[in-house]
Amino acid sequence: MTVSQLLSWWPAPAALWVLIVNLRAFGIYRLDKQLAVEELDRVPEDQLLSYVAWGGGIGALMAMRRFRHKTRKQPFQRRFWGIIAMQMAAAFGLFLAWIVLH
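None of these values were measured; they are calculated from a predicted model.

Asks: When you look at the packing of aromatic side chains in this model, what are you seeing that I'm missing?
Replies: Two aromatic rings are characterised by how far apart their centres lie and by the angle between their planes. Applying the stated criterion to the full structure yields five aromatic pairs. A centroid spacing of 5.4 Å and a plane angle of 55° characterise the contact between Phe26 and Phe67, whose relative ring orientation is tilted. Here the residue Phe26 occupies a position in helix H2 (residues 11–37), and Phe67 occupies one in helix H3 (residues 45–67), the gap between them amounting to 41 residues. Of note, Lys70 hangs over the ring of Phe76, and the distance from its end group to the ring centre comes to 5.3 Å.

Asks: Honestly, H2 in this entry has me stumped. Any pointers?
Replies: Each turn of an α-helix holds 3.6 residues, which means side chains three or four residues apart point in the same direction. Counted at 1.5 Å a residue, the expected span for H2 with its 27 residues is 39 Å, and the 39 Å between its end C-alpha atoms agrees. Contact partners of the buried residues in H2: H3 and helix H4 (74–101).

Asks: Could you clarify how one ought to interpret the environment of Leu49 in this entry?
Replies: Relative to the helices and strands, Leu49 is located in helix H3. Given a relative accessible area of 4%, Leu49 falls into the buried group. Residues Leu49 and Ala36 lie 13 residues apart in sequence; the distance between their C-alpha atoms is 17 Å. Not counting the four nearest positions on each side in its chain, Leu49 is found in contact with Tyr29, Phe76, Arg79, Phe80 and Ile83.

Conventions we followed
- Residues numbered from 1 in each chain as written.
- Predicted model: local features only at pLDDT ≥ 70, side-chain atom pairs only at ≥ 80, totals over all residues.
- Heavy atoms only, no water.
- Phe/Tyr/Trp six-rings, centres within 6.5 Å; stacked < 30°, edge-to-face > 60°.
- Helix = DSSP H or I, 4+ residues; strand = E, 2+ residues; numbered from the N terminus.
- Lys NZ or Arg CZ within 6 Å of the ring centre and 35° of its normal.
- Expected span 1.5 Å × (residues − 1).
- Contact = heavy atoms within 4.5 Å.
- Buried < 20%, exposed > 50% of the residue type's maximum accessible area, 1.4 Å probe, protein only.

The structure is reproduced here in C-alpha coordinates:
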(Lines give C-alpha, C1' and ligand atoms only; values in the text may rest on other atoms or scores of the structure.)
Protein backbone atom coordinates (compact mmCIF):
# COMPACT_ATOMS: atom_id res chain seq x y z
CA MET A 1 0.00 0.00 0.00
CA THR A 2 1.41 3.38 -0.95
CA VAL A 3 1.35 6.44 1.30
CA SER A 4 -1.26 8.02 -0.97
CA GLN A 5 -3.54 4.97 -0.64
CA LEU A 6 -3.05 4.92 3.11
CA LEU A 7 -3.94 8.59 3.50
CA SER A 8 -7.07 8.18 1.36
CA TRP A 9 -8.27 5.18 3.43
CA TRP A 10 -7.66 6.18 7.06
CA PRO A 11 -10.44 8.73 7.91
CA ALA A 12 -13.29 6.29 8.76
CA PRO A 13 -11.38 4.00 11.17
CA ALA A 14 -9.55 7.00 12.62
CA ALA A 15 -12.84 8.79 13.31
CA LEU A 16 -14.21 5.71 15.10
CA TRP A 17 -10.99 5.42 17.14
CA VAL A 18 -11.13 9.10 18.12
CA LEU A 19 -14.76 8.77 19.21
CA ILE A 20 -14.10 5.69 21.34
CA VAL A 21 -10.89 6.95 22.98
CA ASN A 22 -12.47 10.32 23.79
CA LEU A 23 -15.50 8.69 25.41
CA ARG A 24 -13.15 6.48 27.44
CA ALA A 25 -11.00 9.46 28.42
CA PHE A 26 -14.05 11.40 29.58
CA GLY A 27 -15.18 8.42 31.63
CA ILE A 28 -11.80 7.75 33.27
CA TYR A 29 -11.35 11.42 34.23
CA ARG A 30 -14.88 11.42 35.68
CA LEU A 31 -14.06 8.25 37.62
CA ASP A 32 -10.83 9.75 38.95
CA LYS A 33 -12.68 12.83 40.16
CA GLN A 34 -15.25 10.66 41.91
CA LEU A 35 -12.49 8.63 43.57
CA ALA A 36 -10.79 11.85 44.68
CA VAL A 37 -13.99 13.16 46.27
CA GLU A 38 -14.55 9.86 48.07
CA GLU A 39 -10.86 9.80 49.14
CA LEU A 40 -10.26 6.38 47.57
CA ASP A 41 -7.31 5.07 45.55
CA ARG A 42 -6.93 7.20 42.42
CA VAL A 43 -6.22 6.55 38.77
CA PRO A 44 -2.47 7.17 38.19
CA GLU A 45 -1.68 10.39 36.31
CA ASP A 46 0.33 8.46 33.73
CA GLN A 47 -2.77 6.45 32.91
CA LEU A 48 -4.88 9.61 32.60
CA LEU A 49 -2.28 11.12 30.27
CA SER A 50 -2.04 7.93 28.22
CA TYR A 51 -5.65 8.45 27.14
CA VAL A 52 -4.65 11.91 25.92
CA ALA A 53 -1.64 10.48 24.08
CA TRP A 54 -3.83 7.91 22.33
CA GLY A 55 -6.09 10.67 21.00
CA GLY A 56 -8.50 11.36 23.84
CA GLY A 57 -7.51 14.97 24.44
CA ILE A 58 -10.93 16.42 23.66
CA GLY A 59 -12.73 14.02 26.01
CA ALA A 60 -10.15 14.59 28.73
CA LEU A 61 -10.36 18.37 28.37
CA MET A 62 -14.16 18.28 28.46
CA ALA A 63 -14.08 16.17 31.63
CA MET A 64 -11.45 18.38 33.28
CA ARG A 65 -13.62 21.44 32.63
CA ARG A 66 -16.94 19.77 33.46
CA PHE A 67 -15.79 18.22 36.73
CA ARG A 68 -13.13 20.85 37.61
CA HIS A 69 -10.55 18.10 37.84
CA LYS A 70 -6.77 18.48 37.38
CA THR A 71 -7.21 22.08 36.20
CA ARG A 72 -4.86 23.63 38.79
CA LYS A 73 -2.19 20.92 38.88
CA GLN A 74 0.58 22.65 36.90
CA PRO A 75 2.89 19.66 36.31
CA PHE A 76 -0.08 17.69 35.01
CA GLN A 77 -1.28 20.61 32.87
CA ARG A 78 2.18 21.04 31.31
CA ARG A 79 2.32 17.39 30.37
CA PHE A 80 -1.28 17.46 29.09
CA TRP A 81 -0.69 20.48 26.84
CA GLY A 82 2.68 19.14 25.71
CA ILE A 83 0.98 16.00 24.41
CA ILE A 84 -1.68 18.09 22.68
CA ALA A 85 1.01 20.26 21.03
CA MET A 86 2.83 17.19 19.71
CA GLN A 87 -0.42 15.78 18.32
CA MET A 88 -1.21 19.06 16.61
CA ALA A 89 2.24 19.09 15.03
CA ALA A 90 1.76 15.50 13.82
CA ALA A 91 -1.70 16.33 12.42
CA PHE A 92 -0.25 19.33 10.62
CA GLY A 93 2.47 17.11 9.16
CA LEU A 94 -0.12 14.61 7.92
CA PHE A 95 -2.11 17.47 6.43
CA LEU A 96 0.96 18.75 4.59
CA ALA A 97 1.72 15.23 3.34
CA TRP A 98 -1.84 14.93 2.07
CA ILE A 99 -1.55 18.31 0.28
CA VAL A 100 1.72 17.32 -1.38
CA LEU A 101 0.39 13.93 -2.50
CA HIS A 102 -2.81 15.32 -3.97
